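Overview (structure and organization)
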Amino acid sequence: MSPPVNQDFISEAQEIVDVLNRDLIVAENESSTGGEIDPERVNNLFRSAHSLKGISGMFGFDSISRLAHSLESVLDGMRLGRVHIDPVGLDVLFACVERFNSLIAAAATGEDCNANVEDLTKRLEKVARGDAADTADPLEFIELGSEVRTVLTEYEEHRLKENIKRGRNLYILRITFDLANFDLGLAELDAAVKSIGEVITKLPSSKTAESGSISFDIIVGSDSNIQELSKTLGDDRIEITTIQRKQMVATALKKRAMPIPQKDTTKSDAIVEQDKNIEGSNSQLAVEGSEFARSSQDESASVKSVSQTVRVDIRRLDRLMNLVGELSLTKTAFLHISDVMKQQIGFVGLAVDLHKESRNFERRLSELQAGIMEVRMVPLANLFERMVRVGRKISRELKRQVRIEVSGEHTELDKLIVEDLADPLMHLIRNAIDHGIETPEVRAAAGKDPEGTVRLSALAQGNHVIVEVSDDGGGIDPEKVIKMAVAKKLVTPERAKELTRREIFNLLFIAGFSTRSEVSEYSGRGVGLDIVKNNISQLSGVIDIFSVKGKSTSITVTLPITLAIIPALVVAVAGRTYAIPLNNVLETLAIEDTTVSTIERREVISVRGATVPLVDLRHHFRMETKERPEVCYGVVAGVGQHRMALVVDELVGQQDIVIKSLGRRLQHIKGIAGATELGNQKTILVIDMVALINELAVDSAATEA
């Protein structure tokens, strides 16, 4: 029985197999021309097989995973010099690629893809056993000290042997770098050597270096002589020493590198017998290869890829979305011209045609925008899986028993928002385990299950997505938070008595605030939640905390589904025009002086029984004009549980906008998200409603201190 078809697996597995096939073709070309297969290519082949084994095992495709594991073993042997591949062996590797393709095709169509792959795994085992002829150790025949040989890794030793077998010159490059940037120096040297040879190993030198510096002995294999090598490196600081070969063995190695004669009459009976065995083994592999090729002709009958996906750089989509934004401005200009024409000549003739075409343009543009947005949207599943992995690691290190539950992972968000959400979410998971979940002993004493639970969920709600991290740990003690806030002089004792529960929890977002008395690897320094809040604010999101002492804590993050193109309400205040993102606007209403009251020196209005604070941009931006007109309006906005009414003079209209950055110098102006262009070529500022609400809701307690 095959596991359910997963398009993510199909596309990624197909991509890996395509890379595997491409590298095998190049490897075959390198091998057929009498050269050595590029070691980095063998490493790439090994990584491809390893990746394929990992994802197929994760998605439950056991046959693919089993075959990839056997292939990985052969490629690992090639990396380490234990397996030498020949044309027959390459046929087996190519046969694996074809089998992978057929298995992935079966998985894509929902057919049984857990077919028997024992025939190929046995052939791979024979390929792995095929190398047994050459038992001489080339390292015995060069003048290289045992103190160096003993510290080489298996891979480095193999690469050194390969260079000796190929008759390459071997050198030791000794160079000293500053300790502060030695990695850059090594990278530059690596790049220089690569053009004429191979860096086999980089070892810290036994030579004593000056204070603040470090020396390396770098073993290099190259066909160039020492003068050519020195000229290529072009660095007088490098001391080059040739690794000498023992004369008699150099001759032997040279003979070994020569083409094999048709008939070697000088061989001993044992060697002849050994060669016969090897030839016999190769012949058997060739026969089996032919049989396999016949039996697997159905697998290669079609080379059509089953993957239906294309990976696109998100920056290309950004450029497309920017073009759509520019077209939105053009659309607005067309509609404006159409309206003017109707007023001047009436709704007849060209005015009617222009109106129809403008509406068609508007409709097609909306479809194009929706199509690009659909491409940008990705499920949160991958991000949640990373968070589960992080949570498992932290819980083990903190010796907590934690079960991490995930729901709503198929909820979609803009790709750029998802990536920027990763770090804040990791902070919240870490806090939930470190601050929230108690030790098993404490939980048992409190009558709880020794295993705590952290839930990570997502829910789409209109144009927003709500991501929640909750735990059934010890919760937050409001009295302890107030006590610490007063001690740190973040709030006065008098004001502390008036704080609501929400305002108390908001104190946790103030920089430097922590309820921990001890500093650990994960908490206690008072950094974390303030950074989380700032990062979430930059995504036009809002974060809220709700907690019950001794029972649970829940942190919700409310985010817009995209920041690419957004509908906006265009308003006027004191003769200036602004845009307000419509995602945050709940309603608009007329404001009369009689409906405005003052609470704690702050203007508020009542909206269906709820008290909503007023924010007047005249005061916030310190405009010269302070007087409101007789008739003004309130734009009621809300993010999460917070509400605010922005006082404006005029409601101009609604329009799609693309927010442009103000640049590094102006990007930190509070209350401004950026700028946008209207259809009449006029540039206006965009109000950052989330920042205003955050400032109003979160900082209120601190400003009272």
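Right above here is the structure, for reference.
In this report, the structure presented in the accompanying data block is examined. (Residues numbered from 1 in each chain as written. Predicted model: local features only at pLDDT ≥ 70, side-chain atom pairs only at ≥ 80, totals over all residues. Heavy atoms only, no water.)

1. Focus on the pattern of salt bridges
Evaluated as defined, the whole model comprises 35 salt bridges. Between Arg47 and Glu40 there is a salt bridge, with its nearest N and O atoms 2.9 Å apart. Glu157 is paired through a salt bridge with Lys161; the nearest N and O atoms lie 3.5 Å apart. Of this pair, Glu157 and Lys161 both sit in helix H7 (residues 154-165), separated by four residues, roughly a single helical turn. (Salt bridge = Lys/Arg side-chain N within 4 Å of Asp/Glu carboxyl O. Helix = DSSP H or I, 4+ residues; strand = E, 2+ residues; numbered from the N terminus.)

2. Some thoughts on unusual backbone geometry
Non-glycine residue Ala574 carries a positive phi angle of around 50°. Mapped onto the fold, Ala574 is located in the loop between strand S12 (566-573) and strand S13 (576-581). In this structure, Arg622 is a non-glycine residue whose phi angle is positive, near 55°. Note that Arg622 resides in the loop between helix H21 (617-620) and strand S18 (632-639).

3. Here's the deal with helix H1 (residues 7-32)
If you check H1, its first and last C-alpha atoms are 37 Å apart, about what 26 residues at 1.5 Å a residue would give, namely 38 Å. By the burial criterion, the buried members of H1 are Phe9, Ile10, Ser11, Ala13, Gln14, Ile16, Val17, Leu20, Asp23, Leu24, Ala27 and Glu30. Where H1 is buried, its residues contact helix H2 (39-58), helix H3 (62-79) and helix H4 (87-108). (Expected span 1.5 Å × (residues − 1). Buried < 20%, exposed > 50% of the residue type's maximum accessible area, 1.4 Å probe, protein only. Contact = heavy atoms within 4.5 Å.)

4. Quick look at the nonpolar core
Counting 48 residues, the largest nonpolar core has Leu380, Leu425, Leu428, Val454 and Val467 as the members making the most contacts within it. A per-element tally of this core places helix H15 (residues 415-436) first, with nine residues. If we ignore the near neighbours within four places in the chain, the residues touching Leu428 are Val469, Leu529, Val532, Ile543, Ile555 and Val557. Of all hydrophobic cores here, the second largest spans 40 residues; its members include Phe9, Leu67, Ala68 and Leu93. (Core = buried A, V, L, I, M, F, W, Y, C linked by side-chain atoms within 4.5 Å.)

5. Re the sheet that holds S13
Taken together, the five strands give an open sheet; going across it, the order is S20-S12-S13-S22-S21, and neighbouring strands pair in mixed fashion. For this open sheet the edge positions go to strand S20 (650-657) and strand S21 (672-677), each flanked by a neighbour on one side alone. Across the sheet, the mean angle separating the axes of adjacent strands is 35° when strand polarity is ignored. Here six bridges tie S12 to S13, and the two strands are oriented antiparallel to one another. Bridge assignment links Val573 to a residue of S13, and that residue is Arg576. (Pairing = 2+ DSSP bridges. Axes fitted to C-alpha atoms, helices over the stretch in contact; angles between N-to-C directions.)

6. What to know about the packing of aromatic side chains
Enumeration according to the criterion identifies six aromatic pairs in this entry. Between Phe9 and Phe61, the aromatic rings sit 4.3 Å apart at their centres with planes inclined by 10°, giving stacked as the arrangement. Within this pair, whereas Phe9 is found in helix H1, its partner Phe61 is found in the loop between H2 and H3, the two being separated by 52 residues in sequence. Take Phe9: its relative accessible area is 1%, and that puts it in the buried class. Between the NZ or CZ atom of Arg79 and the centre of the ring of Phe46, over which it lies, the distance is 4.4 Å. (Phe/Tyr/Trp six-rings, centres within 6.5 Å; stacked < 30°, edge-to-face > 60°. Lys NZ or Arg CZ within 6 Å of the ring centre and 35° of its normal.)

7. Some remarks on the packing of H1 against H2
Remark: H1 packs on H2, axes separated minimally by 9 Å, with the N-to-C direction vectors making an angle of 155°. The orientation of H1 relative to H2 falls into the category roughly antiparallel. Crossing of H1 against H2: the hand is left-handed. Note on element contacts: H2 touches H1 through Arg41, Asn44, Leu45, Ser48, Ala49, Ser51, Leu52, Ile55 and Ser56, opposite Phe9, Glu12, Ala13, Ile16, Val17, Val19, Leu20, Asp23, Leu24, Val26, Ala27 and Glu30. Partitioned by chemical class, the residues of the contact of H1 with H2 number 13 nonpolar, four polar and four charged. (Parallel < 35°, antiparallel > 145°, perpendicular 65-115°, else oblique. Left-handed = near helix turned anticlockwise from the far one by under 90°. Nonpolar A, V, L, I, M, F, W, Y, C, P; charged D, E, K, R; others polar.)

8. Notes on the side chain of Asp23
Tracing the backbone shows Asp23 in helix H1. Looking at Asp23, the relative accessible area reads 10%, which means it is buried.

9. Thoughts on the environment of Gly89
Topologically, Gly89 is positioned in helix H4. For Gly89 and Ala128, which are 39 residues apart along the polypeptide, the C-alpha to C-alpha distance reads 8.9 Å.

10. Focus: the side chain of Thr553
Of note, Thr553 is situated in strand S11 (residues 552-560). Separated by 3.0 Å, the side chains of Thr553 and Ser547 make a polar contact. Every residue in contact with Thr553, bar those within four places of it in the chain, is listed here: Val469, Ser470, Asp471, Gly475, Ile476, Ile545, Phe546 and Ser547. (Polar contact = N/O pair within 3.5 Å; in protein donor to acceptor, adjacent residues only side chain to side chain.)

Interpretation in functional terms is not warranted from these geometric data alone.
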